[in-house]
Amino acid sequence: MPLKILALGGDGIGPEVVSSGLKVLEAVAGTISLKVDITEDLLHGAAWDAHGTFIRPETIRAAHGSDALLVGAVGGPKWDHIKIDGGPEEQDGLMKLRHELEVFASLRWARAYGPLLSRTPFRPEVARNADIMVVRELCGGAMFSPTRGIDGTGKSRRAYDLNEYTEAEIARFARIGFEVARRRHGKVLSVDKANVFMAGKLWREVVQEIGAREFPDVTLTHFFTDNAAYQLTCRPGDFDVILADNLFGDILSDQSAAISGSLGMLPSACLSHLSTGGRSEKPAIYEPVHGSAPDIAGTGSANPIGAILSVAMLLEYSAAEHESARKIEVAVESALKAGFATPDLGGTNTTQEMTDEVIQQVLRA
Ligand code: IPM
Ligand code: MG
């Protein structure tokens, strides 16, 4: 059976980097005779302009019927004012997809790259070899709460977004996080504000319980989120897997990108299930962590590596093609070592040049 991919470029630089990701995917697939069946469609602003909706029902149906989605980025000032009836997931095509596919665990991968150490704000000895997987809860908490709104009028308006987590939501998420740690270096840091929030207290209790009962081989530590942010800046090399709720994970994943030299380097895998063997039975979303960068859209200068490494994660988590995933990761390292760099990395290479170099490196491997 071919691997069914739904590619949604989205807005701004999204379509450009997705096109790079697909080229790399096709090149790698060719080397292992993996058949891929790619369908492209519009998401968020692009869908709004063409169809008057952030995501069409047929796109959602196609998402459910695919093995994996490769998404670029969504949003831009052009669509910010649009307000749709319903919850937060209705306001954003990508949030709607995350909600529909229930991809509640987002694996966001930040690594230090030797050739880019001088691009980071860290002394080389602080960031060297840092390799962090932020596992962010992606379908709950304040960011998805239906209990939200702005009430009242004038000076007495009141705004709220209820930060709530059920035990079941925390437990299913924690299990994926621990499992990911088992496949890495066996270390989990769970972050919360259990000193203040009730949701944080339950978070800590449930993560602790699952860890002790089901993953005694994984080392578990708990930090308050503010302290985690501080430690992440002081000693990024000491982290392995960070478990965080939707809001804290959004923040910490961007922060951890500093070790890579650019947010443009970070890939992610949004999962509802972690396959233990072959192809995953449930569709997952793969997306670079960066945004749509409307200011540089169409200039051919976007960094495609976040999208290309998202393809590596796709091969790893949806297709169980581990060797091919490694091949792409090594090809990216080789391209950087050869001096290829887009403007965000301090270079002058175009999206196309960077993509072509990675493909050359893949084919040479
Ligand atoms: C991200 C983004 C999104 C999020 C926005 C665009 C809704 O910041 O993927 O990190 O917060 O989930
Ligand atoms: Mg974010």
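Nothing here was measured: the structure is a model prediction, and the numbers come from that model. (Residues numbered from 1 in each chain as written. Chains lettered and ligands numbered in written order. Predicted model: local features only at pLDDT ≥ 70, side-chain atom pairs only at ≥ 80, totals over all residues. Heavy atoms only, no water.)

1. Description of the packing of helix α8 (residues 225-234) against helix α9 (residues 246-256)
Two quantities define a packed helix pair, namely the angle between the axes and the distance from one axis to the other.
Link 1 in the chain: Where α8 meets α9, the axes come as close as 10 Å, and the angle between the chain directions of the two elements is 10°. Overall, the two elements α8 and α9 adopt an arrangement that is roughly parallel. Taking contact as the criterion, the partners of T225, A229, L232 and T233 in α8 are, on α9, F248, L252, Q255 and S256.
Link 2 in the chain: When the residues that make up the contact of α8 with α9 are grouped by side-chain class, the tally is 4 nonpolar, 4 polar and no charged. (Axes fitted to C-alpha atoms, helices over the stretch in contact; angles between N-to-C directions. Helix = DSSP H or I, 4+ residues; strand = E, 2+ residues; numbered from the N terminus. Parallel < 35°, antiparallel > 145°, perpendicular 65-115°, else oblique. Contact = heavy atoms within 4.5 Å. Nonpolar A, V, L, I, M, F, W, Y, C, P; charged D, E, K, R; others polar.)

2. Notes on the side chain of S292
Link 1 in the chain: Topologically, S292 is positioned in the loop between β12 (284-286) and α10 (305-317).
Link 2 in the chain: Residue contacts for S292: discarding those within four places in its chain leaves D11, G12, I13, A73, V74, G75 and G76.

3. A closer look at the site of ligand 1
Link 1 in the chain: Neighbouring ligand 1 are the residues M95, R98, R108, R136, M143 and D250.
Link 2 in the chain: R108 has a polar side-chain atom sitting 2.8 Å from an oxygen atom of ligand 1.
Link 3 in the chain: In the environment of ligand 1, an oxygen atom lies 2.9 Å from a nitrogen or oxygen atom belonging to the side chain of R136.
Link 4 in the chain: Protein coverage of the free-state accessible area of ligand 1, which is 310 Å², stands at 70%.
Link 5 in the chain: Taken together, the residues of the shell around ligand 1 break down into 2 nonpolar, no polar and 4 charged. (Near = heavy atom within 4 Å. Polar contact = N/O pair within 3.5 Å; in protein donor to acceptor, adjacent residues only side chain to side chain. Areas by Shrake-Rupley, 256 points an atom, 1.4 Å probe, with all protein chains shown as cover.)

4. A look at the environment of L97
Link 1 in the chain: Tracing the backbone shows L97 in helix α4 (residues 93-101).
Link 2 in the chain: Spatially, the C-alpha atoms of L97 and M143 are 14 Å apart, while their sequence positions differ by 46 residues.
Link 3 in the chain: Not counting residues up to four positions away in its chain, the partners in contact with L97 are L8, L43, I55, A63, L69 and I285.

5. Quick word on the pairing of strand β9 (residues 219-224)
Link 1 in the chain: Of the pairings in the sheet, the one linking strand β8 (residues 187-192) to β9 comprises 6 bridges and is parallel in character. Looking across to β9, one finds that L189 is bridged to T221.
Link 2 in the chain: Each parallel crossover has a hand, and for β8 linked through helix α7 (residues 198-214) to β9 it is right-handed. (Pairing = 2+ DSSP bridges. Right-handed = clockwise from strand over helix to strand, strands pointing away.)

6. Observations regarding the packing of helix α11 (residues 322-337) against helix α12 (residues 351-364)
Link 1 in the chain: Put simply, α11 and α12 touch, their axes get as near as 8 Å, and they point 120° apart. With respect to α12, the axis of α11 lies oblique. Our pair here, α11 against α12, has a crossing hand that is right-handed. Only M354, E357, V358, Q361 and V362 of α12 make contact with α11, whose side of the interface consists of K327, I328, A331, V332, S334, A335 and L336.
Link 2 in the chain: Per-class residue counts for the contact of α11 with α12 are 8 nonpolar, 2 polar and 2 charged. (Left-handed = near helix turned anticlockwise from the far one by under 90°.)

7. Quick notes on the domain arrangement of the chain
Link 1 in the chain: The assigned domain composition of the chain is domain 1 (1-120 + 261-365) and domain 2 (162-259).
Link 2 in the chain: The centre of domain 1, based on its C-alpha atoms, is set 24 Å off from the matching centre of domain 2.
Link 3 in the chain: Taken together, the 22 residues of domain 1 in the interface contact 14 residues of domain 2.
Link 4 in the chain: With both sides pooled, the region where domain 1 packs onto domain 2 buries about 1,400 Å², and carbon together with sulfur makes up 62% of that total.
Link 5 in the chain: Broken down residue by residue, the surface that domain 1 buries against domain 2 is led by F104, R108 and L274, which jointly contribute 35%.
Link 6 in the chain: Put simply, domain 1 and domain 2 have 1 salt bridge between them.
Link 7 in the chain: With a shortest N-O distance of 2.6 Å, R172 and E102 are connected by a salt bridge.
Link 8 in the chain: The tally of links from domain 1 across to domain 2 stands at 4 residue pairs in polar contact (both at pLDDT 80 or more).
Link 9 in the chain: The residue inventory of the side of domain 1 that touches domain 2, partitioned by class, reads 12 nonpolar, 7 polar and 3 charged. (Domains from an automatic or database assignment. Buried area = accessible area lost by both parts, 1.4 Å probe. Salt bridge = Lys/Arg side-chain N within 4 Å of Asp/Glu carboxyl O.)

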